[in-house]
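# Observations on chain architecture
Chain by chain, the residues run as shown.
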Amino acid sequence: MDPASIGKAVLLALVEGATEFIPVSSTGHQLLVGHFIGFHSPNNTFEVLIQLGAILAILLVYFRRLLAIATAVPSDPRARRFVLGILVAFLPAAIIGGLFSKLIKAYLFNPWIVCATLVAGGLVLLVIDDTDLEVKKKDVYDFTLPMDLKIGIFQCLAMIPGVSRSGATIVGAMLMGADKRSATEFSFYLAMPTMAGAFAKDLLDNYKYLSSNDVGLIVIGFVVSFVSALFVVRVLLDYVSRHGFWLFAWWRIIVGALGFAGLIILG
């Protein structure tokens, strides 16, 4: 591993951890940054596998809550229904990702598509943030199974890089009647099986193509993404509850516009 490759891996991992749980698309940002700094991994495996760091960050932050849910499942019907709801919401992504992940990578992992979806998604967030949606649910435990399934279908939009997994699930939940805080919290919980599934699928498909150099960069990326994601998860819920999504919306629009300019000028 040469210093230049390590530096690029660290930069991309910082981007991953910082953007995974905010509605700006971590994959889209990684693809854009990777394009402009000249970083390439076999089948974009690096970008997917370093998500393990972000997964462990959210598991650490939510450890006590997850333990409480696990211990309550045998005796608490609400806890059982919540766990079932997360599995129901995960199901659409598991099916579509399992069937079409290779095609999605082959045809949609494109910086031009990323820029377009970043801008479009930013406009959607501005509209959602400014719309007085009816709030019916303020607790993730109160989400219904049909609501969970619809949120899971929204999550599938994020298979288009630049859309944002967290953004799609948060917007979907809010359209189903959730407030901003519970929509964001549900997105955190849903991220765990979704990202773990994507990690396992990508590792199974591509482990044979990884060199020792690739593995070393992935380990570095995992550690850096863990640290940066840990910070974001700790502050995001309170920020969204107080300020909404306008900052993330404008960030998407600006990054998408700068990306278009860079692609036109630099190629």
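Residues numbered from 1 in each chain as written. Predicted model: local features only at pLDDT ≥ 70, side-chain atom pairs only at ≥ 80, totals over all residues. Heavy atoms only, no water.

### Points about a nonpolar patch on the surface
On the surface, L91, I95, I96, L99, F100, L103 and Y107 cluster together into a nonpolar patch covering about 720 Å² of accessible area. Position of Y107 among the secondary structure elements: in helix α6 (residues 77–108). (Patch = residues over 30% accessible without salt bridge, like charges linked within 9 Å, V, L, I, M, F, W, Y side chains within 5 Å. Areas by Shrake-Rupley, 256 points an atom, 1.4 Å probe, with all protein chains shown as cover. Salt bridge = Lys/Arg side-chain N within 4 Å of Asp/Glu carboxyl O. Helix = DSSP H or I, 4+ residues; strand = E, 2+ residues; numbered from the N terminus.)

### Topic: the environment of S212
On the secondary structure map, S212 appears in helix α11 (residues 212–243). Under the relative-accessibility criterion, S212 is labelled exposed at 67%. A sequence separation of 159 residues divides S212 from G53, and the C-alpha atoms of the two residues are 19 Å apart. (Buried < 20%, exposed > 50% of the residue type's maximum accessible area, 1.4 Å probe, protein only.)

### Some thoughts on the UniProt feature "transmembrane region" (unreviewed entry) in the protein chain
The positions UniProt marks with the feature "transmembrane region" (unreviewed entry) are residues 48–70, 82–101, 107–128, 186–204, 216–237 and 249–266. The span residues 82–101 carries 100% helix and 0% strand; its end-to-end C-alpha distance comes to 28 Å. End-to-end, the C-alpha atoms of residues 107–128 are 29 Å apart, and along that stretch the chain is 91% helix and 0% strand. (UniProt positions renumbered as here; feature names shortened; annotations may be inferred.)

### Regarding the environment of V135
Within the secondary structure, V135 is located in the loop between α7 (111–130) and α8 (145–155). Taking relative accessible area as the criterion, V135 reaches 42% and is therefore assigned partly exposed. As for V135 and K180, which are separated by 45 residues in sequence, their C-alpha atoms are 9.1 Å apart. Contacts of V135, omitting those with residues within four sequence positions, involve G177 and D179. (Contact = heavy atoms within 4.5 Å.)

### Structural notes on the packing of α8 against helix α10 (residues 180–206)
Interhelical geometry of α8 versus α10 gives an angle of 65 degrees and a closest axis separation of 12 Å. Our classification of the angle between α8 and α10 gives roughly perpendicular. Taken as a pair, α8 and α10 cross one another with a handedness that is right-handed. Mapping the contact onto sequence places D148, I151 and Q155 in α8 and F186, L190 and T194 in α10. Residue classes in the contact of α8 with α10 are distributed as 3 nonpolar, 2 polar and 1 charged. (Axes fitted to C-alpha atoms, helices over the stretch in contact; angles between N-to-C directions. Parallel < 35°, antiparallel > 145°, perpendicular 65-115°, else oblique. Left-handed = near helix turned anticlockwise from the far one by under 90°. Nonpolar A, V, L, I, M, F, W, Y, C, P; charged D, E, K, R; others polar.)

### A short note on helix α1 (residues 3–19)
Over its 17 residues, α1 runs 24 Å from end to end, which matches the ideal 24 Å to within 8%, given 1.5 Å per residue. If you check which residues of α1 are buried, you get S5, A9, L12, A13, V15, E16, G17 and T19. Two or three places before A4, at the start of α1, stands the capping residue D2, its side-chain oxygen 3.1 Å from that residue's backbone nitrogen. (Expected span 1.5 Å × (residues − 1). Polar contact = N/O pair within 3.5 Å; in protein donor to acceptor, adjacent residues only side chain to side chain.)

### Here's the deal with the packing of aromatic side chains
Scanning all chains against the criterion turns up 9 aromatic pairs. Pairing F143 with F186 gives two aromatic rings, centres 5.1 Å apart and planes at 35 degrees, and the pair type is tilted. Here F143, found in the loop between α7 and α8, pairs with F186, found in helix α10; they are 43 residues apart in sequence, far enough to count as distant. A relative accessible area of 1% places F143 in the buried class. An aromatic cluster is defined as three or more aromatic residues linked by ring pairs; in this entry it consists of F21, Y62, F82, Y141, F188 and Y189. A cation over a ring is seen here: R65 above Y62, with NZ or CZ 4.5 Å from the ring centre. (Phe/Tyr/Trp six-rings, centres within 6.5 Å; stacked < 30°, edge-to-face > 60°. Lys NZ or Arg CZ within 6 Å of the ring centre and 35° of its normal.)

### So, the packing of α6 against α10
Closest axis-to-axis distance for the α6/α10 pair is 9 Å, and the angle between their directions is 35 degrees. Between α6 and α10 lies a crossing whose hand is right-handed. Residues F82, G85, I86, A89, F90, G97, G98, S101, K102 and K105 of α6 lie in contact with α10, whose contacting residues are F186, Y189, L190, P193, T194, K201, D202, D205 and N206. Its residues assigned to classes, the contact of α6 with α10 comprises 8 nonpolar, 6 polar and 5 charged.

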